[in-house]
Amino acid sequence: MTTLPRPTTSLTADDARRIALRAQGFLGAPDRRAGVRGVLRHLGAVQLDTISVLARSHELVPYARLGALARKTVESAYWKDAHAFEYWSHAACILPIEEWPHFAFRRRAYRNRPHWHHELPEGAYDQVVKQLRAEGPLTATELGGAKKTSDWWDWSGTKVAVERALMYGEVVCVERRGWKRLYDLAERAVPQALLHDELDDAECLRRLVRLAGESLGVGTRADIADYHRLKGEQVDAVIADSGLVPVEVEGWGKPAWADPLALATPPRGRHRTTLLSPFDSLIWERARTERIFNFTHRLEAYVPKPKRVYGYFAMPVLAGGRLVGRVDPAREGATLVAKQVTLDDAKAVPAVAQALIEAATWVNCTDVRVERVEAPGLREPLVRELARVLA
């Protein structure tokens, strides 16, 4: 086992929180010139998800950092000019194209995987590759159909084959079209200089651990492992050579590592006030979110409705570098509906109103309606504040 150096830097809990906020793009002036592409590179990964309430999560992530940018430009910013690819990182994520070589370790692991949920029909893999070579890029529907029945996971042989090719790295998702993956051959979609699996596992892991540390600013072993869904032992094997430095954080009770550049200058600047996607990388890991923000975050979309506490797609509200409440939103025509609002205290009312109005403007809503506030005494102050700002 590698012996790690003892921490020489101690951080307060507030230091760590501000470092994390700056690393995630929520503290300091945003780089608007770099836009969506800059956010992607800064974060290293942007999670995709099927749920769309205000917008899909990969749209909400740059919005939360840059404000009400033109939505129609988001998709092209991700995908145009072979700028990004989709692959399995923290989950299904959009990743900067230059990181393709560093996921070679995962492609190799998939190729060597002995058991799969779906059985691959004989000949289906070669047929998919042949069809993509001749006609691609194509969706699974265009390849012959994605499902055998209406059941979500009852994939057709074609869908099994093209997803297997995606995991192996022979095929790439080059765009989402109407939420369907658009597949093409990697040899066409990935720049030739990047199209290789030459890096060994250790080099891949070192890079991803370093990227996770930079994107988090400071994190524990579990935080760093979770960012790209690495195993703890994979982190252990390379962290000493990753360029991250060991630090001690007040109240964390576990060893932590930081990006040395994050320690070089104190985090200062303007805090962003915004609604966060439940899939935002600031709050990916529940234990980290509780440790840094004293805030319990849980997506309840897959929880039976009677058991939900905060709502179907409750979005945490970030203000002043704190998570101050939650909003479960919906849209009805040109009205953004706050179906349920949960506030920590009355001081959060102006920030929640600001976050709701900016979000409404972004999705072309002209009104905001509040249905339920968990603390009934705060409903009228919130409604008044919304009316004041909207007037």
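Conventions used here
Residues numbered from 1 in each chain as written. Predicted model: local features only at pLDDT ≥ 70, side-chain atom pairs only at ≥ 80, totals over all residues. Heavy atoms only, no water. Core = buried A, V, L, I, M, F, W, Y, C linked by side-chain atoms within 4.5 Å. Buried < 20%, exposed > 50% of the residue type's maximum accessible area, 1.4 Å probe, protein only. Helix = DSSP H or I, 4+ residues; strand = E, 2+ residues; numbered from the N terminus. Salt bridge = Lys/Arg side-chain N within 4 Å of Asp/Glu carboxyl O. Pairing = 2+ DSSP bridges. Axes fitted to C-alpha atoms, helices over the stretch in contact; angles between N-to-C directions. Contact = heavy atoms within 4.5 Å. Right-handed = clockwise from strand over helix to strand, strands pointing away.

Trainee: Help me understand the nonpolar core, please; the structure alone is not making it clear to me.
Mentor: If you look at soluble globular proteins, the nonpolar side chains tend to sit buried side by side. Of all hydrophobic cores here, the largest spans 106 residues; its most connected members are Leu132, Ile224, Val341, Val352 and Leu382. Of the residues forming this core, the biggest block, 10 residues, is contributed by helix α15 (residues 349-362). Leu11, Val218, Trp252 and Ile283 belong to the second-largest nonpolar core, a separate cluster that totals 23 residues.

Trainee: Mind showing me how you'd approach the pattern of salt bridges here?
Mentor: Where charged atoms from two side chains of opposite charge come close, those side chains can pair. Considering all chains together, one arrives at 29 salt bridges under this definition. Across the pair glutamate 99 and arginine 207 runs a salt bridge whose closest N-O atoms are separated by 2.6 Å. Within this pair, whereas glutamate 99 is found in the loop between β4 (92-96) and α5 (104-111), its partner arginine 207 is found in helix α10 (residues 201-216), the two being separated by 108 residues in sequence. For glutamate 99, a relative accessible area of 5% gives the class buried. In this structure, the salt-bridge partner of aspartate 223 is arginine 291, at a minimum N-O distance of 2.9 Å. Of the two residues, aspartate 223 sits in helix α11 (residues 221-227) while arginine 291 sits in helix α14 (residues 286-293), which places them 68 residues apart along the sequence. Look at aspartate 223 and you get buried, because its relative accessible area is 2%. Overlapping salt bridges, with partners in common, bring together Glu86, Lys159, Glu163, Arg176 and Arg181 in one network.

Trainee: Explain the sheet that holds strand β9 (residues 245-249) to me, please; I cannot follow it from the model alone.
Mentor: Each strand in a sheet pairs with another by means of backbone hydrogen bonds, the pair being arranged parallel or else antiparallel. Read across the sheet, 4 strands follow the order β1-β9-β10-β8 without closing on themselves; strand pairing throughout is mixed. Edge positions in the sheet fall to β1 (9-11) and β8 (218-220), since each of these pairs with one other strand and no more. In this sheet, neighbouring strand axes are inclined to one another by 40° on average, regardless of whether the strands run parallel or antiparallel. Running at roughly 90° to β1, helix α1 (residues 13-23) makes contact with β1, β8 and β9 of the sheet.

Trainee: Please clarify how the pairing of strand β15 (residues 367-370) should be interpreted in this entry.
Mentor: Successive residues of a regular strand alternate their side chains across the two faces of the sheet. Of the two faces of β15, the one lined by Val368 and Val370 is fully buried and the one lined by Asp367 and Arg369 carries no buried residue. Bridging between strand β14 (residues 335-343) and β15 involves 4 bridges; their strand directions are parallel. Residue threonine 335 lies in a different strand from β15, and its bridge partner there is aspartate 367. As for the winding sense of the linkage, the β-α-β connection from β14 through α15 to β15 is right-handed.

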